[in-house]
Amino acid sequence: MEEESVVRGENSIKDIWNRLPLVMKIAVVVGDLFVFGFLIYYFTS
């Protein structure tokens, strides 16, 4: 049952992602890259 809920969760996330406008997708990707870069800078300095 847990696996089914996980699959449904992924499908719902994909549905939400597909409904997002292109500008929002770009903002999410840029935000993720910024956070990832900040973590690398923080842990390597």
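Just above sits the structure.
Just so it is clear, the model here is predicted, and its values are computed rather than measured.

Rules of the game
Residues numbered from 1 in each chain as written. Predicted model: local features only at pLDDT ≥ 70, side-chain atom pairs only at ≥ 80, totals over all residues. Heavy atoms only, no water. Helix = DSSP H or I, 4+ residues; strand = E, 2+ residues; numbered from the N terminus. Buried < 20%, exposed > 50% of the residue type's maximum accessible area, 1.4 Å probe, protein only. Areas by Shrake-Rupley, 256 points an atom, 1.4 Å probe, with all protein chains shown as cover. Phe/Tyr/Trp six-rings, centres within 6.5 Å; stacked < 30°, edge-to-face > 60°. Patch = residues over 30% accessible without salt bridge, like charges linked within 9 Å, V, L, I, M, F, W, Y side chains within 5 Å. Salt bridge = Lys/Arg side-chain N within 4 Å of Asp/Glu carboxyl O.

S.K.: Explain the overall build of the chain here, please?
M.R.: Each helix and strand in the chain was counted, giving two helices and zero strands. Each of the 45 residues in the chain was classed as buried or not, and the buried ones make up 0%. Taken as a whole, the chain presents about 4500 Å² of accessible surface, with 70% of it coming from carbon and sulfur.

S.K.: I would appreciate a short explanation of the packing of aromatic side chains in the present structure.
M.R.: Considering all chains together, one arrives at two aromatic pairs under this definition. Aromatic side chains Phe38 and Tyr42 sit 6.2 Å apart centroid to centroid with 25 degrees between the ring planes, which places their arrangement in the stacked category. Pair noted here: Phe38 and Tyr42 are both in helix α2 (residues 22–44), with a separation of four residues, about one helical turn. Look at Tyr42 and Phe43: their rings are 5.3 Å apart centre to centre, the planes differ by 80 degrees, and that puts the pair in the edge-to-face class. Of the two residues, Tyr42 and Phe43, neither departs from the other in class, the shared state being exposed. A network of ring pairs unites the aromatic residues Phe38, Tyr42 and Phe43 as a single cluster.

S.K.: Can you help me understand a nonpolar patch on the surface in this one?
M.R.: On the surface, a cluster of nonpolar side chains totalling about 860 Å² of accessible area is made up of Phe34, Val35, Phe38, Leu39, Tyr41, Tyr42 and Phe43. On the secondary structure map, Tyr41 appears in helix α2. What makes Tyr41 exposed here is its relative accessible area of 58%.

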